[in-house]
Amino acid sequence: MAGQIDPESLTWRVTPDLLGVLDASGFFKHINPAWETTLGRTPAEVESRQFFDFIHPEDVEKTETAFAEIQQGKPILNFENRYRHKDGTYRWFSWNAVPEGDLFFCSARDVTLHKENAASLQTRDEEARLREQFVAVLGHDLRNPLAAADAAIRMLGRQPQSERSREYLAIGQESLNRMSELIDNVMDFARIRLGQGLVIDPKDGCDLAALIAQTVEEIRIGNPEATILTTSDLRDTYRLDRSRIGQLVSNLVANAVVHGRISDPIRVVAEDRGETIAISVRNSGDPIPSDAMPQLFDPFSRGGDIHAPQGLGLGLFIANHIALKHGGVLSVSSNAERTEFTFEMPALRPVLASVAS
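Residues numbered from 1 in each chain as written. Predicted model: local features only at pLDDT ≥ 70, side-chain atom pairs only at ≥ 80, totals over all residues. Heavy atoms only, no water.

*Asks:* When you look at the confidence of the model for the protein chain in this model, what are you seeing that I'm missing?
*Replies:* Residues shown with low pLDDT carry predicted positions that ought not to be read at fine detail. Looking at the protein chain, pLDDT values average 86 and 88% of them are 70 or higher. A low-confidence stretch, residues 352-357 stays under pLDDT 50, and its non-local contacts, those more than four residues away or across chains, total two contacts. (pLDDT = per-residue confidence, 0-100. Contact = heavy atoms within 4.5 Å.)

Right, here's the structure in full:
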């Protein structure tokens, strides 16, 4: 045996792999220094006990099968099991072993990190599937009953109603609109977090002034106590995603309604600045705390106001992504007099309109 293995060889001493010579009774006759480095056990500790004493209980049966096979002259290749470290934890090893006479020459590589990475990857895959299922529930299973409830309220609204009944129907309709908005925001958030990003579909000929007026009017109906004033000098139609820009404006105005002082008007101003168009939404009220400003466009942020009466804190996060998707920027300024959000993007006019001008 001494001629077959040299415990003093450089490879034997410096390799990180575990090397050993095992006899038919299950005792290691020789092991290299890597055993102590990897398992914290001295040669005397390992060689004085049958190797089964170190095997993870769940791996004993398959290890007994492999040991029986090698005793029958069959080599063992890429066999994996767990060995107990001196501190009580377990390490995963991948073994190769060949029989030679009454002895078995073994080498093992520590694959614990690989196993942990594989388990982590599997966990991430499972989490991704759960997130996708969550988005599917929001996109389908919740929208269907929501659409049915919306249709029912609209049909009731066409029937003769008392003044009190009309008030209740209006409250119900506003609640459904709010639920739909929350679903939209959560779905957009999920898409962004899953790496899919927001999908936009810009089209020429968007009457931005009319879009802003329509969006503001919808918010007025749901918030009759709020005064919202609009000013616009937009003189053209533009290339943009009508639905997404409407969503951006809605999120900004709704944010102003929530955080603004109810006694003061909210002002929405749209300007054509030549190379760019800008939409600003201004409200009075308490200024945004300076320490909240850096996180203002992060998800679940409420501008430092944890007592905000509604919303998940996703509106500004999504509005910012819509702005970026249009090649624009969403900025904010806030002081004791007013808080103002401004969205500015390139003024992309239809080709024919530009030629005609």
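*Asks:* Explain unusual backbone geometry to me, please; I cannot follow it from the model alone.
*Replies:* Most peptide bonds are trans, and most residues other than glycine sit at a negative phi. Even without glycine at this site, N78 takes up a positive phi of about 55°. Its place among the elements puts N78 in strand β3 (residues 76-84). By relative accessible area, N78 is classed as exposed at 57%. (Helix = DSSP H or I, 4+ residues; strand = E, 2+ residues; numbered from the N terminus. Buried < 20%, exposed > 50% of the residue type's maximum accessible area, 1.4 Å probe, protein only.)

*Asks:* Looking at this structure, I do not really get empty space enclosed by the protein. What am I missing?
*Replies:* Any empty space left between atoms is shown by rolling a water-sized probe over those atoms. Scanning the entire structure with this criterion turns up two cavities of 30 Å³ or more. The volume enclosed by the largest cavity comes to roughly 200 Å³. Taken together, 14 residues make up the lining of the largest cavity; nearest its centre are L22, F51, T63, W95 and A97. When residues of the lining of the largest cavity are traced back to their parent elements, those giving at least two are α4 (60-71), β3 and β4 (90-100). Space inside the second largest cavity adds up to approximately 50 Å³. The wall of the second largest cavity is formed by A226, T227, A256, V257, G260, R261, I262, D264, I266 and N283. The residue inventory of the lining of the second largest cavity, partitioned by class, reads five nonpolar, three polar and two charged. (1 Å grid on protein atoms, 1.4 Å probe; cavity = no way out; pocket = protein on both sides within 12 Å on 5 of 7 lines; lining within 4 Å. Points joined across faces, edges and corners; volume = space filled by probe spheres on them. Nonpolar A, V, L, I, M, F, W, Y, C, P; charged D, E, K, R; others polar.)

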